[in-house]
Amino acid sequence: MMMLKIFMKIIQVVLWALLLVLLAVLFIPFRYKIRGVSKEEKSVSVDIHWLFGLLALRGIYRHGSGFEGLIRILGIPFKVDEESLTKFGSDKRKDKKGKDTKEKNKKRKDRGTVFSVEALEYLFSSIRKVLGHVLPRSVEGYGIVGFDDPYYTGLMSAVIETMRGMGFHHMNIQYAFDREVYEGEIYMEGKLVIIYMVYIAIRLLLHKSSRNMLLGTRRKSYGI
């Protein structure tokens, strides 16, 4: 009897610990830093960390050599590179090929998809909220940008200048309308709170029109 009580106490402690970890993951923000360089070497480095690095992802993608990085979970490192990602992707594709998809296709045809203006407006509104949440709080950069078509260079300048108007003043970008060139460096910082993403997802699922569109359910016809 004593052993049973001790075992139940241990289970309770473990469950409370898991609950606290879940709440921490939901409410404590993940912070990210992104740095892009286009000079002699073209690369993009990413640093995502949570709670003093208890969970972290640090990696860099180099043009021509692929991605390599390190994931840390409670301080334990796991190496990630282009080879392991490719192998994981190929294994997933093999698993999918081995499954019978006829029944899935039949169900998909039976369900169909319900599109409505209301659902699309609500979906785009939710996407705007998500983008507003995950967009970087700080952007710094310098360099020169130009596309082979001046039209796209103009579009790029409009986007960058709009960002400058949103408070990202530390960007010294020049535009080349007469040639194609991408040289410079950009640095971004931001954060992501998981509970906000969960909140947006729940709102979408509770909204009837959006739920029908996302899940592919079709209203039943009663001959009216």
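The rules behind each value
Residues numbered from 1 in each chain as written. Predicted model: local features only at pLDDT ≥ 70, side-chain atom pairs only at ≥ 80, totals over all residues. Heavy atoms only, no water. Buried < 20%, exposed > 50% of the residue type's maximum accessible area, 1.4 Å probe, protein only. Helix = DSSP H or I, 4+ residues; strand = E, 2+ residues; numbered from the N terminus. Arc of directions from axis to C-beta. Contact = heavy atoms within 4.5 Å. Axes fitted to C-alpha atoms, helices over the stretch in contact; angles between N-to-C directions. Parallel < 35°, antiparallel > 145°, perpendicular 65-115°, else oblique. Nonpolar A, V, L, I, M, F, W, Y, C, P; charged D, E, K, R; others polar. Patch = residues over 30% accessible without salt bridge, like charges linked within 9 Å, V, L, I, M, F, W, Y side chains within 5 Å. Areas by Shrake-Rupley, 256 points an atom, 1.4 Å probe, with all protein chains shown as cover. Salt bridge = Lys/Arg side-chain N within 4 Å of Asp/Glu carboxyl O. Expected span 1.5 Å × (residues − 1). Phe/Tyr/Trp six-rings, centres within 6.5 Å; stacked < 30°, edge-to-face > 60°.

1. Overview of helix H7 (residues 208–215)
- Turning to H7, its buried residues are Ser209, Ser210, Asn212 and Met213. Angularly, the buried residues of H7 cover 160 degrees about the axis, an arc narrow enough to put them on a single face.
- Its buried side turned inward, H7 meets helix H4 (117–134) and helix H6 (194–206).

2. A few points about unusual backbone geometry
- Although it is not a glycine, Leu51 adopts a positive phi angle of roughly 50 degrees.
- One can find Leu51 in the loop between strand E2 (42–50) and strand E3 (55–62).
- Leu51 gets classed as partly exposed once you look at its relative accessible area, which sits at 28%.
- One non-glycine residue, Phe52, lies in the positive phi region at around 60 degrees.
- We classify Phe52 as exposed; its relative accessible area is 85%.

3. Description of the packing of H4 against H7
- Taken N-terminus to C-terminus, the directions of H4 and H7 make an angle of 90 degrees; their axes are 8 Å apart at the nearest point. Comparing the axis directions of H4 and H7 gives the class roughly perpendicular. Where H4 abuts H7, its residues Glu118, Ala119, Leu120, Tyr122 and Leu123 lie against Ser209, Ser210, Met213 and Leu214.
- Here the contact of H4 with H7 is composed, by residue class, of six nonpolar, two polar and one charged.

4. Structural notes on a nonpolar patch on the surface
- Judged by side-chain polarity, Met1, Met2, Met3, Leu4, Ile6, Phe7, Met8, Ile10, Ile11, Val14, Leu15 and Leu18 come together as a nonpolar surface patch covering roughly 1,300 Å² of accessible area.
- Following the sequence through the fold, Met8 ends up in helix H1 (residues 2–27).

5. Details of H4
- The end-to-end C-alpha separation of H4 is 26 Å, in line with the 26 Å expected for 18 residues at 1.5 Å each.
- On the buried face of H4, the contacting elements are strand E8 (181–192), H6 and H7.

6. Section: the packing of aromatic side chains
- This model, assessed by the stated rule, comprises four aromatic pairs.
- Ring geometry for Phe147 versus Tyr182: centroids 5.6 Å apart, planes at 70 degrees, classification edge-to-face. Taken together, the residues Phe147 in the loop between strand E6 (138–146) and helix H5 (150–165) and Tyr182 in strand E8 connect sequence positions 35 residues apart.
- Residue class for Phe147 comes out partly exposed when judged on its relative accessible area of 22%.
- Summarising the aromatic geometry, the rings of Tyr196 and Tyr199 are spaced 6.1 Å apart at their centres and angled 45 degrees between planes, so their arrangement reads as tilted. Pair noted here: Tyr196 and Tyr199 are both in helix H6, with a separation of three residues, about one helical turn.

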